[in-house]
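This is what each chain is made of:
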Amino acid sequence: IISGGTLFLKSDKKDEPPSASPPAASPPVASPPAATPPAASPPVASPTGASPTAASSYFTEGVDYSIKGGREGKYCANDNVGLICNRDVLSDWEKFQFTQVEGDIYGIKSMRSDKYCKDNKTGNMSCNHDLNAHEKLTIKKHGDQYSIKGPWGNKYCSDQSGGLVCNTGHLQGWEKFTIKKVN
């Protein structure tokens, strides 16, 4: 009988005491060589300097996006008071780009100022900064909307009547934003 590539001999003899020496083993049957896994492609650095193992981005770098607040569904603008979601019409002040730092960490760049938006801890986000620690925001997708968290205390940014402030510990409607590519 052959099973799993090994030959077994069957004997019709019954109740015979075992012999002093075991029967000679059959030579092992050679198994086919194992398949060699394909070689891995070398890592490719991203244009932002992010790790090659970083999560894929929600956004395409260099492309303009609009952000709509969750409170009234209005466009967010880099206004003189800071980032505020009170606009009915999309214009240059309401356009932003996203720079992936790593994983879910992004910088939001205003196309009005060509500068990054900052979590100001107690006041409206302002968009007149270089990409430093307080401009690195955590953005996560929730269905077709996104949450934004500031680095000060890891609080959610909320679409408040006076502007976008990152001081909320819960995730509800005002802390969710609709972000879409601008045509």
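So, a few notes on the structure that sits alongside this text. (Residues numbered from 1 in each chain as written. Predicted model: local features only at pLDDT ≥ 70, side-chain atom pairs only at ≥ 80, totals over all residues. Heavy atoms only, no water.)

So, on to the pairing of strand S4 (residues 75-79). In terms of burial, S4 is a largely internal element, 5 of the 5 residues being buried. The two faces of S4 match: Tyr75, Ala77 and Asp79 on one face and Cys76 and Asn78 on the other face are all buried. Where S4 folds back onto strand S5 (residues 82-87) in an antiparallel hairpin, the turn is made up of 2 residues. (Buried < 20%, exposed > 50% of the residue type's maximum accessible area, 1.4 Å probe, protein only. Helix = DSSP H or I, 4+ residues; strand = E, 2+ residues; numbered from the N terminus. Pairing = 2+ DSSP bridges.)

Next up on the list: the pattern of salt bridges. Scanning the entire structure with this criterion turns up 9 salt bridges. For aspartate 92, the salt bridge is made with lysine 95, and the minimal N-O distance between the two is 3.7 Å. Judged by relative accessible area, aspartate 92 falls into the partly exposed class, the value being 49%. Among the charged side chains, a salt-bridge network with shared partners connects Arg71, Glu72 and Asp159. (Salt bridge = Lys/Arg side-chain N within 4 Å of Asp/Glu carboxyl O.)

Attention shifts here to the packing of aromatic side chains. Taken as a whole and judged by the stated rule, the model has 8 aromatic pairs. Aromatic side chains tyrosine 65 and phenylalanine 98 sit 5.5 Å apart centroid to centroid with 85° between the ring planes, which places their arrangement in the edge-to-face category. Pair noted here: tyrosine 65 is in strand S3 (residues 65-68) and phenylalanine 98 is in strand S6 (residues 96-102), with a separation of 33 residues, a long-range link. Across the pair, exposure class does not vary: tyrosine 65 and phenylalanine 98 are buried alike. Above the plane of the ring of tryptophan 174 lies arginine 71, whose end atom (NZ or CZ) is 5.9 Å from the centre. In this arrangement the basic side chain of arginine 112 is found over the ring face of tryptophan 93, its NZ or CZ atom lying 3.6 Å from the centre. (Phe/Tyr/Trp six-rings, centres within 6.5 Å; stacked < 30°, edge-to-face > 60°. Lys NZ or Arg CZ within 6 Å of the ring centre and 35° of its normal.)

What follows deals with unusual backbone geometry. Unusually for a residue other than glycine, aspartate 114 sits at a positive phi of about 60°. Here aspartate 114 shows up in the loop between strand S7 (105-110) and strand S8 (115-118). Take aspartate 114: its relative accessible area is 48%, and that puts it in the partly exposed class. The phi angle at asparagine 154 is positive, at roughly 55°, despite the residue not being glycine. Counting through the fold element by element, asparagine 154 comes out in the loop between strand S11 (145-149) and strand S12 (156-160).

Before going further, it helps to spend a moment on the nonpolar core. One finds Phe98 and Ile108 to be the most contacted residues of the largest nonpolar core, which totals 22 residues. When contributions to this core are tallied by element, the ones reaching two or more residues are S3, S5, S6, S7, strand S10 (137-142), S11, strand S13 (163-168) and strand S14 (176-181). If we skip the residues at most four places from it in the chain, isoleucine 108 touches Ile67, Phe96, Gln97, Phe98, Lys115, Tyr116, Cys117, Leu137, Ile139 and Ile148. (Core = buried A, V, L, I, M, F, W, Y, C linked by side-chain atoms within 4.5 Å. Contact = heavy atoms within 4.5 Å.)

For the structure on display, the rule yields 3 disulfides. Shown here is the disulfide that connects cysteine 76 with cysteine 85, its sulfur atoms set 2.0 Å apart. Taking the sign of the S-S torsion, 85° for the link of cysteine 76 and cysteine 85, the bridge is right-handed. Cysteine 76 gets classed as buried once you look at its relative accessible area, which sits at 1%. The exposure class of cysteine 85 is buried, given its relative accessible area of 1%. Two residues, cysteine 157 and cysteine 166, share a disulfide whose sulfurs are 2.0 Å apart. Measuring the twist about the S-S bond at about 85°, one finds the cysteine 157-cysteine 166 disulfide to be right-handed. Taking only the cysteines that form disulfides and numbering them from first to last, the protein chain has the pattern 1-2, 3-4, 5-6. (Disulfide = S-S within 2.5 Å.)

Mapped onto the secondary structure, aspartate 159 falls in strand S12. Judged by its relative accessible area of 1%, aspartate 159 falls in the buried class. Of note is the side chain of aspartate 159, whose polar atom sits 3.0 Å from the backbone nitrogen of arginine 71. Dropping the residues within four chain positions of it, aspartate 159 is found in contact with Gly69, Gly70, Arg71, Glu72, Cys85, Leu164, Trp174 and Phe177. (Polar contact = N/O pair within 3.5 Å; in protein donor to acceptor, adjacent residues only side chain to side chain.)

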